[in-house]
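Report on the structure
The lines below spell out each chain.
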Amino acid sequence: MLIKWINDEKTTDYKKALYIYYYLNINFSKLKKEDVYNYYFKFENLFSKHNNLKKFKTIKGMLLNMLGVKIETELPELSLKYYNDGLSIALEVNYKRLIQIIYSNMAILYESLNSNLSEYYNKKVLEISEEIGDYQTYNRVLINIANSKLYKGEIKEFFEIINKAEKYSKINNDFNSYILVNDIKNYYFLYAKDYYNLDSNIRKMEDYIKDKPFLKNNVDEVNDNIYVLKAMFEKDKSFFENKKYKEFILKNEFLINFYNIVFENNEKIIYDSWLFFKNNPLIYFKEELINVVSEKMANYSFNDEYEKWAIELIKEFKDKKLSLALLYEGLGYFYNVKREKFKSLKYLRKAQKIYDDLMMKNKFEEINQYLMREFNIPTFIYEENYSLEYKSDRYYYHNLVLRIKSYEKINNLIIDLLKSDSPKYLVNKIGEHLRDILPIDEILIRIITNDYEVEYNFNFKDENELKKDQFLIKPLKLSYISDYKDYKYYIYLANSNIELSQKEAAEILDNIIIIEEVLYSILDKITHYEHSILDPLTGAYTRRYMENKLKELYGLYERYNFDFSVILIDLDDFKKVNDEHGHQKGDEVLVELVKSLKKHLRDFDMVCRYGGEEFLIILPNTNLDDAEKIAQRLLKEINKDLFENTEMNITCSMGISSISNIIKEPKLKLLIKMADEALYKAKNNGRIELKFYEGSIIYVAGLALP
């Protein structure tokens, strides 16, 4: 009936607009993305005739919000654009309810993109919910905040907020929020492998809906999702012999690809399913996947590619302790298969310590059993650091004091090391620190780069000990090699006369993990310092920095489809400046050029010295057309600034290209190549102010002052 009214010529434009909204709202989950767009375009035709009327603007804002929801898993960047456009309209017409809904959707999307902006938008939703008295939405934001607390490892706050949200759900008869609250609790119990409390919580949900049959489908779907994930975690393929659960995962592309990686044996199928996760901008199930399948993935030909992805995710999830624990544990199993023993031990122990903080005792003990089985290491002690009742006995207090003193020593070491850029000083200080805090009578720390080799050696003689990773406690022996692009370092510690106790093994391992990370961080700092990121003459970024930044932006483009462009700029007839006025004048011109570029660019744009008188400007989050506008503005301003500061009438030419317009591979190399070709065409086009479009590039030439 609604479609009939929408297409009826007798229906007024406003009623047609309303009917379009009603139709999309009622059928939203069933409609394909293309169908939603078709009806939106129908509305746009109506809106073009009434775009000054508030009631039409309001409907447009609601429809833009719908578009954002429909495409957020597939095109999150475009989804954010629709949300922002809808938000602008909602703010203009002062429609509080729509503002609240869009803020809420943006908070959820930013959370899925692992962005801290989710916290900002959650706070905005809370403010508006209180203002308009909408406590159901207020409660759902509490749930979002609780979920964030869980992943950040703030467990006490997580339980306080999630229990508060559950209480409000019951008071307000907010059934959907009640289900969501307990779904999040189920995830906690699942990750903790606390299956007793998981089953108990599921039974509680089923009891809750006994007199609410209208909620059965929702609760069944939530619980089925947990059952499926549990089967994935336990690698229980027989579970999916149940047709119900096989059909359940077939409806969800994340779950079916997860299933393929866990249970399939064909490398091509596994690789294709892994690429689905690798290339997806959303973070759904990525850390869970690495936790479950890394041991298996270490055996395939693409394991290096997989390892790099996992390491990148660690950087991406650096503020989320639960995610890090899942990632660390998975990498620990991965490196053990690859026979990189210390790396395996390091990541497993890091995961174990976080599980301790998260009060996930079963996970802590699971890693204990693995370490005993694979490394013959005594079990570590589960300490429950975040127990809701503070321990006050003398034993706990004594150990806490010892730990604080140990951390103080390490903290003082780090402060000392940060003051120096000398690799020799670095190895000497770390070597002395290890001898001071550990019962060792042999030690070697060696750093090798293309430019130098330094070491700290105390009683070390046998080079064969460095050929493999090892960690033994009877007697004590640890050997570790870390090989990076710019440097390699070796750590060897031993004492053939002692056997470690359980407590001593834990303390030594934890200290070595911290020291190894300090060594890596300081070496990275020194390496970057030595290479330098700024050109000493002009103050532009170096070409090395430029290449690293372009790789970083290309990673964002691959993951999130965030566009970026480059402008390659060259001074016209610069050779004449050097020949007629000398190289000192030429240097002055280059310095003033960079000053002018920085003056007229945005704060986040980057000016890099590409070579000689050529400079490359990196424009993040900028498409080809916007980059062309920036280039046109720069042409005029540069010419004025150079004339004013050097008294020389100098023009320049530019070539522009954008990553989203590059079709062939390798895209990053072609990005520079096409900008260079565009620059060459600009040079040959003469010094008149014109812009030229040719395929996916733009080239422009400057206009000299009269």
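The structure under discussion appears in the preceding block.
First, a word on scope: everything that follows refers to the structure included in this document. (Residues numbered from 1 in each chain as written. Predicted model: local features only at pLDDT ≥ 70, side-chain atom pairs only at ≥ 80, totals over all residues. Heavy atoms only, no water.)

As enumerated under the stated definition, the model contains 44 salt bridges in all. A salt bridge links Asp-134 to Arg-97; its shortest N-O distance comes to 2.9 Å. Of this pair, Asp-134 sits in the loop between helix H7 (117-132) and helix H8 (135-152) while Arg-97 sits in helix H6 (residues 96-112), placing them 37 residues apart in sequence. Residue class for Arg-97 comes out partly exposed when judged on its relative accessible area of 35%. Notably, a salt bridge pairs Glu-340 with Lys-343, separated by 3.3 Å at the nearest N-O pair. Using a relative accessible area of 21% as the deciding quantity, one classes Glu-340 as partly exposed. (Salt bridge = Lys/Arg side-chain N within 4 Å of Asp/Glu carboxyl O. Helix = DSSP H or I, 4+ residues; strand = E, 2+ residues; numbered from the N terminus. Buried < 20%, exposed > 50% of the residue type's maximum accessible area, 1.4 Å probe, protein only.)

Turning our eyes to something else, we now look at the pairing of strand E4 (residues 476-483). A regular strand places its side chains on the two faces of the sheet in alternate fashion. Examined bridge by bridge, strand E3 (residues 470-473) and E4 share 4 bridges and lie antiparallel to one another. Bridging across to E4, Phe-471 finds its partner in Leu-478. Hairpin connection between E3 and E4: a loop of 2 residues separates the two successive antiparallel strands. As judged from the 8 bridges shared by E4 and strand E5 (residues 487-495), these two strands associate in the antiparallel manner. Of the residues in E5, the one forming a bridge with Leu-476 is Asn-495. Hairpin connection, E4 to E5: the antiparallel pair is bridged by 3 residues. (Pairing = 2+ DSSP bridges.)

Counting 166 residues, the largest nonpolar core has Phe-240 and Leu-434 as its most contacted members. Counting residues per element, this core draws most heavily on helix H23 (residues 502-531), which supplies 11 residues. Excluding its chain neighbours within four sequence positions, the residues that come into contact with Phe-240 are Val-228, Ala-231, Met-232, Tyr-245, Lys-246, Ile-249, Tyr-259 and Phe-263. Grouped together as the second largest cluster of nonpolar side chains are 29 residues, Val-589, Phe-615, Leu-634 and Ile-656 included. (Core = buried A, V, L, I, M, F, W, Y, C linked by side-chain atoms within 4.5 Å. Contact = heavy atoms within 4.5 Å.)

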